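Observations on the three-dimensional arrangement
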Amino acid sequence: MLFGRKKKNPIRLPDKGVVEWRYTTCGYCSTGCSIEVGLDRQGRPVAARGVADADVNRGKLCIKGILEYELFRTPGRGRVPLLRGSIQAPFREAGWDEALDHMVAEMVRIQETHGRDAFAIVSTGQIMTEEFYTLGKLARGVIGTNNYDGNTTLCMASAVSGYKRSFGSDGPPGCYEDFEHTDCLLAIGSNLPEQHPVIYWRMREARERRGFPLIVVDPRVTMLAQQADMHLALNPGTDVVLLNALAHVILDEGLQDQAYIDAHTQGFEAFQALVQQYDPRSAAAVCGIDEDRIRHLARLFARAPAAMTIWTMGINQSTHGSDGVVAINNLHLITGNIGRPGAAPLSITGQSNAMGTREWSSASGLPGYRYLENPDDRREVARFWGIDEDFLPQHRGLFMTDILPAIETGQIKGLWLVATNPMTSMADTARIRRTLQRLEFLVVQDAYADVETNEYSHVYLPAALWAEKQGCFTNTERRVNLVRNVVAPYGDSRPDFWIFNEIARRFPRTDKPHFPETTEQAFEEMKQLSRGRMLDISGMDYDRLEVERGLQWPCPDGQARGARRLYTDGRFQHRDGRARLIPLPFVDNNERPDDDYPMWLNSGRVVEHFHTRTRTGKIGNQNKFSPVPYMEINPDAAAALGIGHGEYARLVSRRGDALVLAQLTQRVPRNMVFVPFHYHECVNRVSLGLLDPHSRQPAYKQCAVRVEKVQDQEAAARLDLAARAY
Ligand SMILES: Nc1nc2c(c(=O)[nH]1)N[C@H]1C(S)=C(S)[C@@H](COP(=O)(O)OP(=O)(O)OC[C@H]3O[C@@H](n4cnc5c(=O)[nH]c(N)nc54)[C@H](O)[C@@H]3O)O[C@H]1N2
Ligand SMILES: Nc1nc2c(c(=O)[nH]1)N[C@H]1C(S)=C(S)[C@@H](COP(=O)(O)OP(=O)(O)OC[C@H]3O[C@@H](n4cnc5c(=O)[nH]c(N)nc54)[C@H](O)[C@@H]3O)O[C@H]1N2
Ligand code: SF4
Ligand SMILES: [Mo]
């Protein structure tokens, strides 16, 4: 017998008239899914599908990838450059020549008047690696400002800093295949099913086959926590205490791998002395996880033949972000869980090409994981680029989170933003607004003209988006994927690569490096610079990258495929080849809830949106799930405040306030609200963003707020809709 839908309304797959499928790589998250965009007879993108023989996604895509082909013609795209003399005046349309000449003239004026470093550049994790490399060459070798950084300081800086402190270099040591070998998976501050749906799918498949235990550490009952064997809902910001206590139990019970420690690490005695103080009972009082669970987890982790840890922003976005990463590395080093199948401390990256900027942008150093502080690195790069080595600074300049305050103090007068939207993504919106208003000159280079930060710019440069251009992204597992050009750029927008080359050509300096004309030629330069190094890509080329569906570095010339793991021989990147065990004393330095602001404010993401919604907010089938700002609030807390499900409420902190809908859910404890950060004029109006001392990454995940009932619901709805009408 036939029931319901089958009979009355059978599902029919619409024929979209695809005549050609073009290979490329997804442009949203760092999973790095291979994707094919379907073009119809007129060459219009009308569909997308996952590439079946790609190792990363094996045919799968998440909701963002499936609808990504709709992006190319979304509202708000920039069509032509825009100019204006002051931010009070309206923009006028301009040609590329006029816009770029004007921009170069202003850069030169600011540098000549206030010094080279008075013009700052902040880029992103969302353009191609060849574009990063070119921007780095331009910033370091032509413009010569040392105040050059990326939005990755909001995102990956703690992971980078932690890897460097422990292992002597950045570079995630593991890969997705490790899920297929691990005997214990610890996931800390990562909501994999929503933020990296396809990595999650790889993990779940492996777990269904082999049933390894999954332990989730997150103050919220996330989608991942719901599937865990053990969920540790710890007190916000106390991961380092929990991790120190795990190491305490391991050493106390003699569960460590002493042979590995002796052969491959340095600093064991000092580390042991410090973790001695973190017995599970005292730790429990701070992190809120009871002592027996701590002991149980320590034994489970240490006794597993292969143990793996993944983490994301719950660790990185903390005043102890870098220490949290080092604490994870410590745990892996004392149990010898690194460089073997299923055994890795694997930082899950965020943006599609956050890795590419870490490797090649020169933002924190020089290309190919080289350091400004190292004279040999400076000499080598200067020689390769054909510039005077004294032109390069000897220390890295300001981080993004220090560049903005340096505008407040007047030290920086001009700023060029490439693919980042600080008006929505940085903490304390009111302060960021005042800061941007102080600039003599702001350039916004973005695929969307309606991006909020553009309200404060003098020049807007329309950039081509994702597969409107060609180049590489590196994903979480160090896999270099090729983004093939699928369609022509929208309007008169141009690839970032073209824009950087044009600025280089116009900038008045005599001994300039050579700037190749295509991204493929830039890739060849990078290959030469990578030879013999940890991130050797000399065995890659565009065609191979497409045929192989991405290759992992290191992949030296002549090698059939890239390496799955780093540190397989136990040799690390510190000069003596040993990893460091680093003692991590915990100092509680967060803004904590008190009588006036009694709740923790936690923030993060949801699956259907990407960051500041410049893209996903324009795609109806994504935006419809959560078109307006909301908070998760515990039903008991809401009842005490007289707030009902679906009602507007006000979030108030020492910085400001924000209007949000209340979603009553047991996912958060009574003393916490969770707000997705995707909306303009929302959570970052109230957030604080204290900085980690090593990585300068903001602690977006912790500050104190009060929630207030809103009496006039209709007025709130009107205000909310007005704020969000594009
Ligand atoms: N759909 C979608 N996917 C994305 C993105 C997106 O915007 N949308 N962005 C991409 C980017 S750039 C990034 S960086 C990643 C982020 O990916 P995730 O880090 O997985 O996402 P978040 O929601 O920011 O935060 C993860 C978890 O950290 C928890 N957390 C808060 N405080 C603490 C704490 O003190 N300790 C611990 N252990 N956990 C805590 C939060 O409760 C939250 O569940 O996602 C990437 N993927
Ligand atoms: N409260 C709170 N705040 C947070 C976070 C949090 O968890 N909580 N997370 C932080 C994290 S991890 C991150 S990564 C940041 C992200 O913060 P942002 O970098 O500000 O976020 P996006 O919206 O991704 O901005 C990228 C911009 O690049 C544009 N773009 C896309 N592709 C291209 C291109 O090819 N070329 C050019 N020129 N432009 C392009 C997009 O239109 C968009 O405007 O937010 C941070 N802010
Ligand atoms: S998981 Fe990430 S890379 Fe894969 S389709 Fe979704 S957004 Fe794109
Ligand atoms: Mo991020």
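Since this is a predicted model, take the numbers as computed values, not measurements. Throughout this document, residue positions are counted from 1 along each chain, in the order its sequence is written. Labels are handed out in written order, letters beginning with A for the chains and numbers beginning with 1 for the ligands. Reporting in this predicted model follows two pLDDT cut-offs: at least 70 for local features of residues, and 80 or more for side-chain atom pairs to be given and counted; totals over whole chains, interfaces and linings ignore these cut-offs and use all residues. Where side-chain values are given, they derive from all heavy atoms of the structure, hydrogens and water being excluded.

Turning our attention to the site of ligand 3. Being near a molecule or strand, for a residue, means having at least one of its heavy atoms within 4 Å of it. Taken together, Cys26, Tyr28, Cys29, Thr31, Gly32, Cys33, Leu61, Cys62, Lys64, Gly65, Pro197 and Val198 are the residues near ligand 3. Runs of E in the DSSP output that reach at least two residues are strands. Runs of H or I that reach at least four are helices, and both are numbered from the N terminus. Where the shell around ligand 3 is concerned, the elements lending two or more residues are α2 (63–66) and α7 (197–210). Taken together, the residues that form the shell around ligand 3 break down as eight nonpolar, three polar and one charged. All amino acids are sorted into three groups, where Ala, Val, Leu, Ile, Met, Phe, Trp, Tyr, Cys and Pro are nonpolar, Asp, Glu, Lys and Arg are charged, and the leftover types, Gly among them, are polar.

With that settled, the discussion passes to the packing of helix α11 (residues 280–287) against helix α12 (residues 291–303). Here an angle of 0 to 180 degrees is reported between the N-to-C directions of two axes, which are lines fitted to C-alpha atoms, with helices fitted over the stretch in contact. The N-to-C vectors of α11 and α12 enclose an angle of 110 degrees; their axes lie 8 Å apart at closest approach. One finds that α11 runs roughly perpendicular with respect to α12. Judged by the sense of rotation from one axis to the other, the crossing of α11 with α12 is right-handed. Between α11 and α12, the contacting residues are Pro280, Arg281, Ala283, Ala284 and Cys287 on the first element and Glu291, Ile294 and Arg295 on the second. Looking at the contact of α11 with α12 residue by residue, the classes come out as five nonpolar, no polar and three charged. For classification purposes, angles smaller than 35 degrees are called roughly parallel, those larger than 145 roughly antiparallel, those between 65 and 115 roughly perpendicular, and all remaining angles oblique. The handedness criterion is simple: a crossing whose near helix is rotated anticlockwise from the far helix by less than a right angle is left-handed, and one whose near helix is rotated clockwise is right-handed. Should any heavy atoms of two residues lie within 4.5 Å, those residues are considered in contact.

What follows deals with the packing of helix α4 (residues 129–143) against helix α21 (residues 519–530). Two elements in contact, α4 and α21, have axes whose closest approach is 9 Å; the angle formed by their N-to-C orientations is 75 degrees. As far as their axial angle goes, α21 and α4 are roughly perpendicular. The residues of α21 that touch α4, namely those facing Thr129, Glu130, Tyr133, Thr134 and Lys137, are Thr519, Ala522, Phe523, Glu525, Met526 and Leu529. In the contact of α4 with α21, the residues fall into five nonpolar, three polar and three charged.

This part covers the domain arrangement of the chain. In this document the domain limits rely on a domain assignment from an automatic tool or a database. As far as domains go, the chain holds domain 1 (20–73), domain 2 (82–155 + 356–464 + 485–499 + 507–512), domain 3 (157–347) and domain 4 (599–725). Inter-centroid distance (C-alpha atoms) of domain 1 to domain 3 is 33 Å. Domain 1 puts 12 residues into the contact, and the matching count from domain 3 is 10 residues. The junction of domain 1 with domain 3 conceals about 880 Å² of combined surface from both sides, 59% of it contributed by carbon and sulfur atoms. For any pair of parts, buried area is found by adding up, for both, the accessible area (1.4 Å probe) each one loses once the two are put together. For the domain 1 face of the interface with domain 3, the top three residues by lost area are Thr31, Arg58 and Lys60, together amounting to 50%. Salt bridges, as used here, are contacts in which a Lys or Arg side-chain nitrogen is within 4 Å of a carboxyl oxygen on Asp or Glu. Linking domain 1 with domain 3 are one salt bridge, by the criterion used here. Put simply, Glu180 and Arg58 hold a salt bridge, and the shortest N to O gap is 3.7 Å. Contacts described as polar in this section are N or O atom pairs within 3.5 Å, which, within protein, must combine one atom able to donate a hydrogen with one able to accept it, while residues neighboring in sequence count only if both atoms come from side chains. The interface formed by domain 1 and domain 3 contains four residue pairs in polar contact (both at pLDDT 80 or more). Its residues assigned to classes, the side of domain 1 that touches domain 3 shows five nonpolar, three polar and four charged.

Turning our attention to unusual backbone geometry. Cis geometry is found at the peptide bond from Trp553 to Pro554, where omega equals 0 degrees. Mapped onto the fold, Pro554 is located in the loop between β19 (551–552) and β20 (579–580). Located in the positive-phi region is Arg613, a residue other than glycine, with phi close to 60 degrees. With respect to the element layout, Arg613 can be found in the loop between β21 (599–604) and α23 (620–623). With phi around 55 degrees, Glu681 is a residue other than glycine that occupies positive phi space. For the exposure calls, accessible area comes from a 1.4 Å probe over protein chains only, and a residue counts as buried if that area is under 20% of its type's maximum, exposed if over 50%, partly exposed in between. Overall, Glu681 belongs to the partly exposed group, its relative accessible area being 22%.

With four of five residues buried, strand β23 (residues 648–652) lies mostly within the body of the structure. DSSP calls a pair of strands paired once it identifies at least 2 bridges connecting them. Strand direction decides the pairing type here: β23 and strand β24 (residues 657–664), joined by five bridges, are antiparallel. Looking across to β24, one finds that Arg650 is bridged to Leu659. Where β23 hands over to β24, the hairpin turn is made up of four residues, counted between the paired strands.

This brings us to the environment of Thr129. Inspection of the secondary structure assignment puts Thr129 in helix α4. For the pair formed by Thr129 and Leu61, sequence separation is 68 residues and the distance between their alpha carbons is 23 Å. Those residues within four positions of Thr129 in sequence are excluded, and the remaining contacts are Asn353, Gly356, Trp360, Cys472, Phe473, Thr474 and Met526.

Along the chain, Tyr278 falls in the loop between α10 (268–275) and α11. For Tyr278, a relative accessible area of 11% puts it in the buried group. Here the alpha-carbon distance between Tyr278 and Leu246, two residues 32 residues apart in the chain, equals 8.6 Å. The contacts of Tyr278, once residues within four sequence positions are left out, are Val241, Asn244, Ala245, His248, Leu584, Pro585 and Phe586.

As a matter of local geometry, ligand 1 sits amid 35 residues, with Gly237, Asp239, Met313, Arg605 and His609 nearest to it. A distance of 3.1 Å separates a nitrogen atom of ligand 1 from a polar atom in the backbone of Val217. Residue Arg605 places a side-chain N or O atom 2.7 Å away from an oxygen atom belonging to ligand 1. Areas reported here follow the Shrake-Rupley algorithm with a probe of radius 1.4 Å; residue values treat only the protein chains shown as occluding. Calculation on ligand 1 without its partners gives an accessible area of 910 Å², and the protein chains cover 100% of this total. For the shell around ligand 1, the secondary-structure elements that each account for two or more residues are α6 (192–195), α13 (313–316) and β21. The two domains that each donate at least three residues to the shell around ligand 1 are domain 3 (157–347) and domain 4 (599–725).

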